[in-house]
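Overview (structure and organization)
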Amino acid sequence: MELTKLKGLGEKSRDLLNNLNIFSVEDLLMYYPYGYNVYNISDINKANENEQIIIVGKVDSTPIARRFKRNFNSLSFRVFTSNKLINVVIFNRAFMKNNITPGSDITLIGKYNSLKNTFTASNILLSKIEEGSIESKYHLTSGISNKQISKYVDSALKENIALTDYIPEEYNDRYNFINKREAVYYIHKPSNIDEIKKAKLKLIYEELFTFMFKINYLKYVKSKEEGKEPKKDKKEEVDKFIDSLPFSLTTDQIKTVEDIHTDLISDKRMNRLVCGDVGSGKTIVGVIASYECFLSGYQSALMAPTEILATQHYLNIKNLLKDTNMNVELLLGSTKKKDKEEIYRKLENGEIDLIIGTHALISEKVTFKNLGLVITDEQHRFGVNQRNSLRNKGNIPDILYMSATPIPRTYALTIYGDMDISLIKTKPAGRKEINTIIKSDKEIKDVLSLMLEEIKKGHQVYVVSPLIEESEEENTLTTVNELKEKLDIAFNKKVKVEILHGKLSKEDKEKVMDDFKEGKTKVLVSTTVIEVGVDVKNATMMVIFNAERFGLATLHQLRGRIGRNSLESTCILVGKNDNERLKVLEESNDGFYITEKDFEMRREGDLFGTRQSGDMSFKIADIKRDFKVLLKTKEDSEEFLLKNIKNGFKNEEKYYKIIDEMKRLD
Ligand code: ADP
Ligand code: MG
């Protein structure tokens, strides 16, 4: 159902909701709150001064309005609460005067001064709220308030829209789950904590069941797959190539190369995830694999998530392969039409041995002569069915994923349960540890002079902030635009500062990146666009603002952009310096340790705040907190799959659809 069909929801609000990835009324209903405010009512006699409290009472006198200056007014009246008559004052609500009538119920939020027997209210509700009443909190975007979202959700709930329950009947019965409609209602409009609990049990299980079902399905399909041609064993020539590299491989790189070699020459399709910290050297491992395929007469494709990354890979890899006969090309969405056609032709007739690109590679028009290997870099795994189809004339290609998210092994075995995993833990020799320091907002002058020192040495600096634009609730945070302004002022415009964020056009992004790579720009201010893979060796400092807003794993990945050569590198985290989480980053440079800590340290309250952390973005589930449920759904969905796969899920309409969807995408 279209959003604008809802009462009071116009085109402007629709566009704002679109920014939150809400495109239909169904999406809105699935836009679960990230947390709740529980209102506890205080007794005025027990209130501490200067403590914000909520009281309820009855209005005892007609309000008197006063006007100061032009835009300033107050209302004063008496309220009877907790057996006591008190004075109430509230500013700039003169418009409410006629609605506040003696004898009526009222709720007040504010502070009580017992000496003056006066309650200074910051907010008024013209009714009596119940003790323990609950308000849902939603993630917001600039221009839309929590109240508005809550109101739209209210109207959406009234529409009685049919919502699919993805939990098969059998498991609903087994665990006594409430029904989907109830769960969605309770999650948005709970009247007590118990309702939230019941709703969460249901919705978390549902989300994880569907997720694990897909993983199990992939695993099943893969185990049944037949018809892969084993690659020829070219170990000797590959070793020669490895020896010719300008560096020697680390132990884990060697181990990974061996794993891949074994997969390639087997008749079972490779499905391998190479998991290694930023800078651990995953690319070369992929390059070696594609070289072995080339020697066996196969083409390879390497897919990267952004044009910047794909281009960078292309330049690096072309250089690494310059002494071989491999023909390497780059294909982007923005590649000129004429050049594209040429590349399509060469892929089809086998003239290209390794094609590097973005999602442009999975365009209808791309056909390979004999694709033997697909490498996906920095694949963020939450859309299991976002897997990529590459049209191939030959046989089944081997698949290699490369990810910089160092997930602890136990979790990896579950969520990557359909793949084999190689870990690269050792770092290339000669790497300097990144020196990390935490600074508070008040120490910004220090930060600026540290930056200036670094720039004077001829080095470059990354500045990162999570926000592009200000959102109303978060006006204490610093946006990239503000940061650029501040830096321009601080450096007197003598240092070239540029901005990079996701909303820039492709051309602008490239221009900004090129200027930074070439060293023309000294300071690059960005959102997390640069999170993955960008490699500028001369950048030796990174300053991250609002650092506590990021997950530790994300921060660690971010700072991996520096420390790319033997120069000293510094990462400055601007945030609260008593922040326990951030201290982990001061202590350690080991991605696996950090992710483990991150998992450990997140508290209930942080759990929904994971939208910045990229990889595992579930709507409501959290693989750490809900790990037991995850294991349960792994078992259950496997059992369900095996029971139903023979008859093609004929009696399980919704799962039939899920599989159909996955087939189309695969
Ligand atoms: P990531 O794992 O983050 O993708 P890259 O593959 O981009 O890391 O490697 C980072 C840098 O380290 C590259 O410049 C690469 O050439 C270099 N590198 C990779 N392996 C080694 C090694 N064994 N010794 C020295 N440098 C290496
Ligand atoms: Mg990489």
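In this text, all values refer to a predicted model and were calculated from it rather than measured experimentally.

Right, let's get into the overall build of the protein chain. From N to C terminus, the protein chain includes 20 helices and 21 strands. For 666 residues, the compact-globule estimate of 2.2 N^0.38 gives 26 Å, and the protein chain sits close to it at 29 Å. Considering only C-alpha atoms, the protein chain reaches an extent of 95 × 70 × 45 Å along its principal axes. A separation threshold of at least 6 residues defines the contact pool for the protein chain, and within that pool the share at least 24 residues apart is 73%. Surface summary for the protein chain: the accessible area is close to 31,900 Å², and the carbon and sulfur share equals 48%.

With respect to topology, 6 strands assemble into an open sheet ordered β16-β21-β20-β17-β19-β18, the strand pairing being parallel. Here the strands that pair on one side only, and so sit at the sheet edges, are β16 (434-439) and β18 (497-500). Taking each pair of neighbouring strands and ignoring which way they run, the sheet shows an average axis angle of 20°. Judged from the 5 bridges that link them, strand β17 (residues 460-464) and strand β20 (residues 539-544) form a sheet pairing that is parallel. The residue of β20 that forms the bridge with Q460 is A539. Helix α13 (residues 444-456) contacts β16, β17, β19 (523-526), β20 and β21 (569-574) of the sheet and is inclined by roughly 165° relative to β20. Those strands touched by helix α15 (residues 506-517) are β17, β18, β19 and β20, and its axis lies near 140° from that of β18.

We now examine helix α1 (residues 11-19). Of all the positions in α1, only S13, L16 and L17 are classed as buried. Down the axis of α1, the smallest arc covering the buried residues is 100°, so these residues share one side. Buried residues along α1 sit in contact with α3 (146-158). After α1 finishes, the residue N21 shows a positive phi value of roughly 65°.

Let's shift gears to the nonpolar core. Counting 38 residues, the largest nonpolar core has I288, L321, L354, I356 and L400 as the members making the most contacts within it. Those elements giving two or more residues to this core turn out to be α7 (235-244), α8 (251-264), α9 (282-295), α10 (307-320), β11 (328-331), β12 (354-357), β13 (371-377) and β14 (398-403). In terms of residues, this core owes the most to one element, α9, which gives 9 residues. Here I288 is in contact with V238, F241, I242, L249 and V257, once residues within four sequence places are set aside. If you look at the next biggest cluster of nonpolar residues, it comprises 32 residues, including A199, I421, F618 and A621.

Further remarks concern the domain arrangement of the protein chain. Parsing the protein chain into structural domains produces domain 1 (41-131), domain 2 (163-222 + 626-666), domain 3 (235-424) and domain 4 (434-588). Every contact between the two is made by 12 residues of domain 3 and, on the other side, 14 residues of domain 4. Approximately 1,200 Å² of surface area, both sides summed, lies buried where domain 3 meets domain 4, with 60% of it carried by carbon and sulfur atoms. Three residues stand out in domain 3 for area buried against domain 4, namely V278, I308 and Q312, and they jointly supply 45% of the buried area on that side.

Another point: the site of ligand 1. Around ligand 1 lies a shell of 17 residues, among which Q253, G279, K282, T283 and R431 are the nearest. Measuring from a nitrogen atom of ligand 1, one finds a backbone N or O atom of S248 at 3.0 Å. G281 is positioned such that a nitrogen or oxygen atom in its backbone is 3.1 Å from an oxygen atom of ligand 1. Against a free-state accessible area of 570 Å², the protein chains account for coverage of 82% of ligand 1. Split into classes, the residues belonging to the shell around ligand 1 amount to 4 nonpolar, 7 polar and 6 charged. Formed jointly, the shell around ligand 1 draws a minimum of three residues from each of two domains, domain 3 (235-424) and domain 4 (434-588).

With that out of the way, let us pick up the sheet that holds strand β9 (residues 271-276). By way of backbone hydrogen bonds, the strands of a sheet pair with one another, either parallel or antiparallel. An order of β11-β12-β10-β13-β14-β9-β15 is seen for the 7 strands of this open sheet, with the pairing classed as parallel. The sheet is open, and its two edges are formed by β11 and β15 (420-424), each paired on a single side. Ignoring strand direction, the axes of neighbouring strands in this sheet form an average angle of 20°. Where β9 and β15 come together, 5 bridges link them in parallel fashion. Across the sheet, the residue bridging to R272 is D420, located in β15. Packed on one face of the sheet, α8 meets β9, β14 and β15 and runs near 160° to β15.

There is a patch of like negative charges on the surface, built from E507, D508, E510 and D514. Tracing the sequence through the fold places E507 in helix α15.

Once that is clear, we can look at the packing of aromatic side chains. As enumerated under the stated definition, the model contains 21 aromatic pairs in all. Ring geometry for F68 and F72: centres 5.6 Å apart, planes at 55°, overall tilted. Centroid distance F213 to Y655: 4.6 Å. Interplanar angle 70°. Geometry classified as edge-to-face. Pair noted here: F213 is in helix α6 (residues 193-224) and Y655 is in helix α20 (residues 653-665), with a separation of 442 residues, a long-range link.

Tracing the chain through its elements places T118 in strand β7 (residues 118-125). Within the structure, the side chain of T118 is placed 2.9 Å from the backbone oxygen of K116, a separation counted as a polar contact. For T118, the contacting residues outside a window of four places in its chain are N87, V89, K111, Y112 and N113.

It is worth spelling out the pattern of salt bridges at this point. Applying the stated criterion across every chain yields a total of 33 salt bridges. The partner of D194 in a salt bridge is K198, with the nearest N and O atoms 3.5 Å apart. Within this pair, D194 and its partner K198 are both found in helix α6, separated by 4 residues, close to a single helical turn. A residue is classified by how much of its surface remains accessible, and K198, at 41% relative accessible area, is partly exposed. Between K520 and E518 there is a salt bridge whose closest N-O contact spans 3.4 Å. Residues joined in a network through salt bridges with shared partners are K496, E498, K511, D515, E518 and K520.

Thresholds applied
- In every chain, residue numbers begin from 1 and rise along the written sequence.
- Here the convention is simple: chains get letters from A, ligands get numbers from 1, in the order in which they are written.
- Selection of residues for local features in this predicted model requires a pLDDT of at least 70, selection of side-chain atom pairs for listing and counting requires 80 or more, and totals for whole chains, interfaces and linings are taken over all residues.
- Processing note: side-chain calculations cover all non-hydrogen atoms of the structure and skip hydrogens and water entirely.
- Every helix listed is a DSSP run of H or I at least four residues long, and every strand listed is a run of E at least two residues long, numbered separately from the N terminus.
- With C-alpha atoms as the basis for the radius of gyration, the globule rule is written as 2.2 Å multiplied by the number of residues raised to the power 0.38.
- The contact definition used throughout considers only heavy atoms, calling two residues in contact when any of these lie within 4.5 Å.
- To be clear on the numbers: accessible area is Shrake-Rupley with a 1.4 Å probe, and residue cover counts the displayed protein chains and nothing else.
- Strands are treated as partners if at least two bridges between them are detected by DSSP.
- To obtain an axis, a line is fitted to C-alpha atoms, over the contacting stretch when the element is a helix, and the angle between two such axes runs from 0 to 180 degrees between their N-to-C directions.
- Note on exposure labels: buried denotes an accessible area under 20% of the residue type's maximum, exposed denotes more than 50%, and partly exposed covers the range between, all computed with a 1.4 Å probe on protein chains only.
- Directions drawn from the helix axis to the C-beta atoms are what define this arc.
- For this analysis, a nonpolar core means a set of buried residues of the types Ala, Val, Leu, Ile, Met, Phe, Trp, Tyr and Cys, connected via side-chain atoms within 4.5 Å.
- Each domain's limits were defined by an automated method or a database of domain assignments.
- Accessible surface is computed with a 1.4 Å probe, and the buried area is the amount of it that two parts give up when combined, taken over both parts together.
- Being near a molecule or strand, for a residue, comes down to having at least one heavy atom within 4 Å of it.
- Distance and chemistry together define a polar contact, namely a pair of N or O atoms within 3.5 Å, with one atom able to donate a hydrogen and the other to accept it when in protein, and with adjacent residues in sequence counting only for side-chain atoms on both sides.
- Residue type decides the class: Asp, Glu, Lys and Arg count as charged, Ala, Val, Leu, Ile, Met, Phe, Trp, Tyr, Cys and Pro as nonpolar, and the leftover types, Gly among them, as polar.
- The patches reported here contain residues having more than 30% relative accessible area and no salt bridge. Joining distances are 9 Å for like charges and 5 Å for nonpolar side chains (Val, Leu, Ile, Met, Phe, Trp, Tyr).
- One side-chain nitrogen of Lys or Arg within 4 Å of one carboxyl oxygen of Asp or Glu is enough to make a salt bridge.
- Only four residue types enter the charge count: Lys and Arg as positive, Asp and Glu as negative, with His and the chain ends excluded.
- Taken as the charge location is NZ of Lys, CZ of Arg, CG of Asp or CD of Glu.
- Stacked, tilted and edge-to-face are the three classes assigned to paired rings of Phe, Tyr and Trp, where Trp is represented by its six-membered ring and a pair needs centres within 6.5 Å; plane angles under 30 degrees give stacked, over 60 edge-to-face, the rest tilted.

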